[in-house]
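Below, each chain spelled out in residue letters.
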Amino acid sequence: MNWRAVYALLVRNIKRGFRHKDELFWMIIFPIMMMFLVAYVFIPPERTIMTIDLGIVNYDGNPAGFNFTAQDFMNILKNVTIDDKKLFKVKEFNSTEEGLRALKKGDLDALLVIPSGFTVNLTYSKAHLKVYILSADPMTKQVAEAELMGFLQGFASRTSKIKFQIMVKYMMKYVPEEYRDYIDIFIKYMEGIVEPVNVTYETVYPERMYERGHIIGWLAIGMIGIMIMYSGFYSGSLALISEREGGTLRRLFAAPITYFEIYITVVLDVLISTAITAAIVLTMSIFLLGAKFTWISGLDFAVIVALYILAALFTVSIGILISLVSKSVRGAAAIANGLAFPLMFLTGIWIPKFMLPPALHVIADYFPLTKIIDGIRDLVIYGKSITEVMTYLPIPVVVTLVLTAIGVLIFRRSVEKMLVG
Amino acid sequence: MSEVVIEVRDVVKRYGDVVAVAGVSFDVVKSEVFGLLGPNGAGKTTLLNVIVGVLRPDEGRVTIKGIDVVSMPFKVKKLIGFLPQENPLYPWLTGEENLVLYASIYGIPRDEAKRRARELLELFGLEEDAKKRVSKYSGGMMRKLSLATALIHDPEILILDEPTTGLDPNMRREFWGYVNDLRRKGKTVILSTHYMEEADVLSSRVAIMDKGKILVLDTPENLKKSLGPYASINIEFKAIDGEHVGGLLKEFAEGGIACREDVCRVLVRNPDVAVPKITSKLYSSGVKIVRLSVEEPTLEDVFIKLTGRRLE
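Residues numbered from 1 in each chain as written. Chains lettered and ligands numbered in written order. Predicted model: local features only at pLDDT ≥ 70, side-chain atom pairs only at ≥ 80, totals over all residues. Heavy atoms only, no water.

1. Concerning unusual backbone geometry
Residues and elements named next belong to chain B.
Here is step 1 of the chain: In this structure, Lys65 takes a positive phi of about 50 degrees despite not being glycine.
Here is step 2 of the chain: If you trace the backbone, Lys65 turns up in the loop between β4 (59-64) and β5 (67-68).
Here is step 3 of the chain: Classification of Lys65 as partly exposed rests on a relative accessible area of 35%.
Here is step 4 of the chain: The backbone of Asp154 shows a phi angle near 50 degrees, a positive value even though the residue is not glycine.
Here is step 5 of the chain: Residue placement: Asp154 occurs in the loop between α5 (139-151) and β7 (157-161). (Helix = DSSP H or I, 4+ residues; strand = E, 2+ residues; numbered from the N terminus. Buried < 20%, exposed > 50% of the residue type's maximum accessible area, 1.4 Å probe, protein only.)

Written as structure tokens, this is what we have:
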């Protein structure tokens, strides 16, 4: 093996990466951008409360002689906060028609109509409210609906408790002492009618990935996997075609170098360029985005390196297969990109598998690169043992090795064909 | 007797049904500049690719200093410097980096590679542009750098495939100077070209190729002498179908005739007699002559006599 030649060709490729702005973008800027995007948009560091633009039409006004009126209800809506953030931004309207016009124009997320008699009914019988929700985009509709429903259910529950307490207070004044024990049973029964089920919620996190840091760590490994996929597809498909189009192919093969040394250069190029990306992604994820990983042993590290090499071999082999159906650099790049882009979303490497439609799970279940990246994640995120990881790796490893052998043969054949052509 | 450095024996190379090289044999001796002259598609590039070990011959064999190219390609490749038709350069690398890269492929250590690169850049007058990226080089600079890549490992044999195609006449002459220097330094050179002047000026022997075969092989002087007592009349005329004019002049072409578009070349024994007859014939046929000259026979005339076609 002419290692001096392999090293020289690798240096050539790395210089190309750093001297071409577009390659530099894909190698460094793109993964940084994607990591920041997911870390701050999809997994924000704090719980985000969406303030709902709420229109209110109050036909009941503020009747005198009541402890709690429609106006008090409106004031609560105006001032209710979660984590010091207002839940509703209230705008008052004189009529339902006026409010609906604003809602349809998109100036409001929801409209609440308080009918005449609301205060009297709330005090003495059963009050009514009418809520209109704008159905412009499903996400805002869901959030507005959930926030309003939560607030109104809480309000109704609280009101019924207060009304019950007032009722009990008055009732006890007129009940003789000897009947008090029987009355206590009756009161408890009535409390059950007011609040039939008291539910307490508690969130339980998985043993490992329970913090935002672990999720960012999961995504960082996914980003590295995606970069290996792109890099392998591109390098494998373009390696020979770009030499031919650049006029260097014949000159290279007139020198003492073999097709296998060129193939090794392609694989090492993918490993080195993605290692640069990986170093940047991991450093940024840990120190800027707070990613957390499990401390691994030397043997775990060796397995991760082996999986990393397998990932490069697999993607380069796919790239070589792409080169079979492309005749130019432009064509090969288009096919590589056209294949890698959907796989970025469908393989479970970048977008978690549970977010995919069930019909598409089959791609994530059988794509060898997904399993290889899952292996790395299981070691560095979930802290699983090598033995556990090895249970699902044999098939992806065998598939990768078979594809690599096919890739090497095709690479050799392509060299011969291109030199003749 | 001179040492035979390159031995080509009965080489055949086919691309499917097309026979690109059809049983070619010749020897090249040490310190010789051997010219392969022929039109585009004659099989010159294929033959050179077989000689440098890039292509395997379907039949026949090539040996370099007695070593078989097919069975021991690496040994042979180290002896040869190859300049292909295209510039084999990486545009994002500097001139010096390109040379160091090729040196490394030949196994030359980095410091030595840098030293040789500097020497070659100086030789070709590129030392001031050594640190510039090749994408900023002119066509002539790229061609000189490409020749430097062929010389980076100091090979004994140089194979130059159409080295001056696309260069302007001044740059072409500068290139001829470099090839002559290489010959003086004892290098053996095979040079393919479709410029008859280039083959004439540079080569000690010329093989004229057409349709995959060597038609004739000798020194340029002997080839020209082989035409006999002929002179060449070169006639340029206002754009009419060249073949039509060729038909008119056929009766005067004692040694052969070749025409294309707006120019014909006619081989005659006695130009003093032939020129008035030719002008009279063309005038009466309505062909307007732009220029007419009588020249000494060239290698192109040899090609015309052999094939009835012009070289370029």
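2. Structural notes on the pattern of salt bridges
All names here are of chain B.
Here is step 1 of the chain: Scanning the model with the defined rule gives 35 salt bridges over all chains in all.
Here is step 2 of the chain: With its nearest N and O atoms 3.7 Å apart, the salt bridge here joins Arg9 to Glu7.
Here is step 3 of the chain: Residue Glu32 pairs with Arg205 through a salt bridge whose shortest N-O separation is 2.4 Å. Separated by 173 residues along the polypeptide, Glu32 in the loop between β2 (18-29) and β3 (33-37) and Arg205 in strand β9 (residues 205-210) bring together distant segments of the chain.
Here is step 4 of the chain: On the basis of relative accessible area, Glu32 is assigned to the buried category, the value being 5%.
Here is step 5 of the chain: Members of the salt-bridge network, linked through shared partners, are Glu112, Arg115, Arg116 and Glu119. (Salt bridge = Lys/Arg side-chain N within 4 Å of Asp/Glu carboxyl O.)

3. What about the side chain of Glu198 of chain B?
Residues and elements named next belong to chain B.
Here is step 1 of the chain: Within the element layout of this structure, Glu198 appears in helix α7 (residues 196-202).
Here is step 2 of the chain: No salt bridge is formed by the buried Glu198, whose closest oppositely charged neighbour, Arg172, lies at an N-O distance of 4.6 Å.
Here is step 3 of the chain: The contact partners of Glu198, leaving out residues within four places of it in the chain, are Pro163, Thr164, Arg172, Trp176, Leu191, Thr193 and Ser203. (Lys, Arg positive; Asp, Glu negative; His and termini not counted. Contact = heavy atoms within 4.5 Å.)

4. Observations regarding the environment of Leu93 of chain B
Here is step 1 of the chain: Structurally, Leu93 of chain B is set in the loop between β6 (80-83) and α3 (95-105).
Here is step 2 of the chain: Sequence separation between Leu93 of chain B and Lys131 of chain B is 38 residues, and the spatial gap between their C-alpha atoms is 8.8 Å.
Here is step 3 of the chain: Look past the residues within four positions of Leu93 of chain B in its chain and what remains in contact with it is Arg12, Lys15 and Arg19 of chain A together with Asn98, Leu101, Lys132, Arg133 and Val134 of chain B.

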